[in-house]
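Coordinates in review
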Amino acid sequence: MTGNDESIGADDVRATSGSARRFDEIDWDDYEEPGLFSVTPSLKITLLAGLPIVLLGLYDEFVVGDREATFVRLGSDLGLSGPFETLGVDFDPGSLDFLFMFTIVLFIAYVGYPLYRNGRMTRYYWREFKRNRPAVISLVWLGLIFVGGVLGPFLIAMPEQDLAAAYQPPVFASIDLVHTTGCVGEIRDGRCYGTWEHPLGTSRGGQDVFASVVHGMTVTMQIAFITTTIVAIIGITFGTVSAYLGGWADEIMMRFTDIVLSFPTFVFFLLILYIYGAGLGMFILVFAAFGWGATARYVRSKALSISEEEFIKAIRISGASTPTIVRRHVIPNTASSIITQLTLIVPGFLLAEAQLAFLGIGDTAVPTWGQLISAGRTSIDFAPWIVLAPGFTLFLTILAFNFLGDAILDAINPEAEAETDR
Amino acid sequence: MGLLRYILARTAWAVAVTFIIVTITFLLIALAPDPNISQAATQAALQGGDPTEAAQREAEMRGLDQPLHIRYIDFLQGVYTLEWGWSDNRAQPVTEALLEGIYYTAQYSIPWTILTIIIGPIVGLYSAANMYSWKDHLATGFAFAGWAIPNFFFALILVLIFSVWLNLFPLSYDPSAPVFSLQNVHQLVLPVFVLVTGSIGAIMRVSRNESAEFQNAAFMKTAKAKGVSPLRAYALHVMRPTLVPLSTTLVGQILVIFLGSSLLVEIVFGIPGLGRITFDALINQDTNLILGATLLFTFIAVMGNLVEDIVFTILDPRISYDDR
């Protein structure tokens, strides 16, 4: 660890603002407390990148017709049909896609940018994080799922029915010809062998399993990002406000949290599904609306313990108002534990979605892993890949989220290391 | 506040919570069009009758033409006096149908819960006692994998391997098997195994991490110095303080699995329990039965949380009753 001390010192000097300032000089502009509605860099990023997405989303909602593709319409409205067509821009994102993009912008602004800004701490976290090898592998895996989820649909076409190529085996595997309607690959000794055309084989309807898994990544990432954002917003607001109001307001808010916590969301969602019918959007909304209880409780206890700290008292004596303290000091100081908590609740949402899809009562309009598992159930004895491919992807994703949450906890909270380090 | 008063207050609160949830359920149903009415209308139209009239008749029959507050009071009365209506699809009272479901659900839920409560903390303690050894890594890895693998997927794989390929376990569940018979044990091995592996992970991890804290505590050193055997020291001195944080996870984890995954496990294994009944009711649009099942699951969840809080308070004398 020698040598690191030096580099940290050097970073500090650079961090103060570039010029050759001595270490004991402070550029107060960096530390000025902005007013309540000041424009922080994170807010700037959100507005700059998020506003076009919101506008496009509204345009899609109110102007573009049901059967029109958003970008084709946009092209004709802007008089850019020609260039759009040559570039092949004919996407038709739905409202969930817009929400997904917006939450990614929020993540860049409120997680990515602060990490980039505090380079020294980021490098420290990374060093701590790197020591946990399963967590690094998990991060790579989730990165793959993320990239596959965002770019996959553009590169790989939606799997299509092809009855002539039903139950094709994956590469290096084979299947008895009795079960297939035709064989894309070579046939030897009455068995059909897999080809690279369908690396993970095909389902009963001849849909490519690999393409279905990739399209399932999009749904998975949408659920992960959107629910996390909603849960974070409600949970953090509720927790900090409750901690800071104290007294009766705190009591009522925490009792309310109790109700939310003891709600059997899965069963209740079945009821909502039965009465109103529900798509993926409704699923995300309902599960996020009942999923923030634990986060709020957690944030509240963290906020309470931090507000007891000496530095908060010092800030209060210096004349800072309560909203400023909460926004500038309490939330940033609880951020690390909030991120851990959020990472650990995502698997629950993914599992719930897969379960609904498996029951055949999820959103049938979007291809998900659970649906694929459900579709392959009847043919599991001779075509197990239809169940195994999405099943193991789901399993590994849930595992990765858990490992990641644990590793972040260790990296940002050295005290907890003794308890959770494996 | 004394312990008794705390328990009373907490129970009163639990009743209040069920009241609020029942109210929300009522609003959900009252604000939506009843599928039975539209069904009646469609049927009337198909048979050449007047759809509006049929819809009205159906609404009257179901008491939907009354003002909202009267229906609400009726609803509350019905819920709390256990008059949960008639299940059209199963042609029996809802409560009877649910009881039948509980009969089958309990047959695998009770062994599963007991096994989880016994095995989870023991594996966790064992892991903590051998921390960072290969035994610990093996136990942790097993627990993690069992926890992360979706139960229904795991169940499918087990059915494939053990029932289809190896023919060791029956493929379909036989509801007529007597409860205490070898046949019943045989057919429940796989579902119980799936649920135990699913719920054990979190419990094992919490008990491992929590007991790690107490392993090197002063009282353990004293116990060792006095010559207490390691088994006794772990069983009596480490186990007890570990149980306090564990009780929260334990009830929570079992509830989560009971309210979500066991539904799917029943469907995969073909057990005609509560989950299966709920699912069938959903498919067959049996409103009363769905409502009954939802309420039953809600009551179980609220009860679970109540038990959890009370056990927590009894186990840890340091918790003051005033703040939670």
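Residues numbered from 1 in each chain as written. Chains lettered and ligands numbered in written order. Predicted model: local features only at pLDDT ≥ 70, side-chain atom pairs only at ≥ 80, totals over all residues.

Comments concerning the overall build of chain B
A tally of regular secondary structure across chain B gives 12 helices and 2 strands. Taking the principal axes of the C-alpha coordinates as reference, chain B spans close to 90 × 60 × 30 Å. Out of the 324 residues in chain B, the part that is buried amounts to 35%. In chain B, 72% of the contacts between residues at least 6 apart in sequence involve partners at least 24 apart. (Helix = DSSP H or I, 4+ residues; strand = E, 2+ residues; numbered from the N terminus. Buried ≥ 20, exposed ≤ 12 C-beta atoms within 10 Å, placed from the backbone. Contact = placed C-beta atoms within 7 Å.)

Structural notes on the overall build of chain A
Helix and strand content of chain A: 17 helices and 3 strands. Here the contacts in chain A between residues at least 6 apart in sequence split such that 67% fall between residues at least 24 apart.

Things to note about the UniProt feature "transmembrane region" (unreviewed entry) in chain B
The UniProt record marks residues 12-32, 109-129, 141-165, 185-204, 242-269 and 289-315 of chain B with the feature "transmembrane region" (unreviewed entry), using the residue numbering of this structure. Secondary structure across residues 141-165 of chain B comprises 92% helix and 0% strand; the distance between its end C-alpha atoms is 27 Å. (UniProt positions renumbered as here; feature names shortened; annotations may be inferred.)

Considerations on the UniProt feature "domain: ABC transmembrane type-1" (unreviewed entry) in chain A
In the UniProt entry, the feature "domain: ABC transmembrane type-1" (unreviewed entry) is given for residues 217-405 of chain A. With 83% helix and 0% strand, residues 217-405 of chain A has its two end C-alpha atoms placed 20 Å apart.

As for the interface of chain A and chain B
On the chain B side, the residues contacting the 37 residues of chain A number 33 residues. Among the secondary structure elements, those contributing two or more residues to the side of chain A that touches chain B are α9 (247-261), α10 (265-276), α14 (322-359), α16 (385-412) and α17 (417-420) of chain A. Ranked by residue count, the leading element in the side of chain A that touches chain B is α10 of chain A, at 9 residues. For the side of chain A that touches chain B, the class distribution of residues is 27 nonpolar, 5 polar and 5 charged. (Nonpolar A, V, L, I, M, F, W, Y, C, P; charged D, E, K, R; others polar.)

Overview of the UniProt feature "domain: ABC transmembrane type-1" (unreviewed entry) in chain B
In the numbering used here, UniProt assigns the "domain: ABC transmembrane type-1" (unreviewed entry) feature to residues 102-308 of chain B. The annotated region residues 102-308 of chain B carries 83% helix and 0% strand content, and the separation between its end C-alpha atoms amounts to 22 Å.

Focus: helix α8 (residues 209-245) of chain A
Residue and element names in this part refer to chain A. Here α8 spans 53 Å end to end across 37 residues, near enough to the 54 Å set by a 1.5 Å rise per residue. In terms of burial, α8 is largely enclosed, as 29 of its 37 residues are buried. Once α8 finishes, G246 follows within two positions and takes phi at roughly 65°, a positive value. (Expected span 1.5 Å × (residues − 1).)

Here's the deal with the UniProt feature "transmembrane region" (unreviewed entry) in chain A
All names here are of chain A. Mapped onto this structure's residue numbering, the UniProt feature "transmembrane region" (unreviewed entry) falls at residues 98-116, 136-156, 223-247, 338-362 and 382-404. With 100% helix and 0% strand, residues 98-116 has its two end C-alpha atoms placed 25 Å apart. Overall, residues 338-362 shows 88% helix and 0% strand. The separation of its end C-alpha atoms is 29 Å.

Focus: the packing of helix α5 (residues 95-117) of chain A against α8 of chain A
Residues and elements named next belong to chain A. Two elements in contact, α5 and α8, have axes whose closest approach is 9 Å; the angle formed by their N-to-C orientations is 65°. For the pair α5 and α8, the crossing hand works out as left-handed. Here α5 contributes L96, L99, F100, T103, I104, L106 and F107 to the contact with α8, which in turn contributes Q222, F225, I226 and T229. Its residues assigned to classes, the contact of α5 with α8 comprises 8 nonpolar, 3 polar and no charged. (Axes fitted to C-alpha atoms, helices over the stretch in contact; angles between N-to-C directions. Left-handed = near helix turned anticlockwise from the far one by under 90°.)

Things to note about the domain arrangement of chain A
How big an interface is tends to be stated in terms of the accessible area lost upon association of its parts. Residue and element names in this part refer to chain A. Per the domain assignment, the segments of chain A are domain 1 (21-117) and domain 2 (126-159 + 208-422). With 10 residues of domain 1 at the interface, the matching set in domain 2 holds 10 residues. Grouping the constituent residues of the side of domain 1 that touches domain 2 by class yields 7 nonpolar, 2 polar and 1 charged. (Domains from an automatic or database assignment.)

What about the domain arrangement of chain B?
All names here are of chain B. In terms of domain boundaries, chain B breaks down into domain 1 (2-89) and domain 2 (93-315). Relative placement of domain 1 and domain 2: their C-alpha centres are 33 Å apart. Contacts between domain 1 and domain 2 engage 21 residues on the former and 21 residues on the latter. At the level of elements, α1 (3-30), α2 (35-46) and β1 (86-87) are the ones that each hand at least two residues to the side of domain 1 that touches domain 2. Tallied by class, the residues present in the side of domain 1 that touches domain 2 amount to 12 nonpolar, 7 polar and 2 charged.

Let's talk about the confidence of the model for chain A
Residues and elements named next belong to chain A. Taken over all residues, the pLDDT of chain A has a mean of 76, while the share at 70 or more is 80%. When mean pLDDT is compared element by element in chain A, α8 scores highest at 87, while α17 scores lowest at 43. When the criterion is pLDDT under 50, residues 1-18 qualifies, and its contacts beyond four places in sequence or with other chains add up to 12 contacts. (pLDDT = per-residue confidence, 0-100.)

Let's talk about the confidence of the model for chain B
Across chain B, the average pLDDT comes to 80, with 94% of residues at 70 or higher. At the level of chain-chain contacts, confidence expressed as ipTM amounts to 0.79, with global pTM at 0.80.

What about the environment of I117 of chain B?
Structurally, I117 of chain B is set in helix α5 (residues 94-129). C-alpha separation for the pair I117 of chain B and V251 of chain B, spaced 134 residues apart in sequence, amounts to 9.7 Å.

Describing helix α7 (residues 151-165) of chain B
All names here are of chain B. Relative to the 21 Å expected for 15 residues at 1.5 Å per residue, α7 spans 20 Å between its end C-alpha atoms, a close match to the ideal helical length. Its axis deflected by about 25° at V159, α7 carries its strongest bend there. Residues of α7 that are buried: N151, F152, F153, F154, A155, L156 and V159. Immediately beyond the C-terminal end of α7, within one or two residues, lies N167, with a positive phi of roughly 60°. (Bend = angle between axes of the 7 residues up to and from the residue.)

Considering the environment of L8 of chain B
Positionally, L8 of chain B belongs in helix α1. With 196 residues separating them in the primary sequence, L8 of chain B and M204 of chain B have C-alpha atoms 32 Å apart.

Describing the nonpolar core
A general feature of soluble globular proteins is that nonpolar side chains tend to end up buried together. Of all hydrophobic cores here, the largest spans 150 residues; its most connected members are L350 of chain A together with A155, V268 and A293 of chain B. Sequence-distant contacts of V268 of chain B, defined by excluding residues within four places in its chain, comprise F152, A155, L156 and V159 of chain B. (Core = buried A, V, L, I, M, F, W, Y, C linked by C-beta atoms within 7 Å.)

Some thoughts on the environment of V267 of chain A
Topologically, V267 of chain A is positioned in helix α10. Its 23 C-beta neighbours within 10 Å are what place V267 of chain A among the buried residues. Not counting the four nearest positions on each side in its chain, V267 of chain A is found in contact with L259, T294 and F297 of chain B.

Quick look at the packing of α1 of chain B against helix α12 (residues 287-315) of chain B
Residue and element names in this part refer to chain B. With their axes 10 Å apart at the nearest point, α1 and α12 run at an angle of 160° to one another. The pairing of α1 with α12 is recorded here as roughly antiparallel in orientation. As for the relative orientation of α1 and α12, their crossing is right-handed in sense. Contacts between α1 and α12 involve L3, Y6, I7, R10, T11, A14, V17, T18, I21, V22 and T25 on the former and, on the latter, T294, L295, T298, F299, V302, L306, D309, I310 and T313. Of the residues assigned to the contact of α1 with α12, the class counts are 12 nonpolar, 6 polar and 2 charged. (Parallel < 35°, antiparallel > 145°, perpendicular 65-115°, else oblique.)

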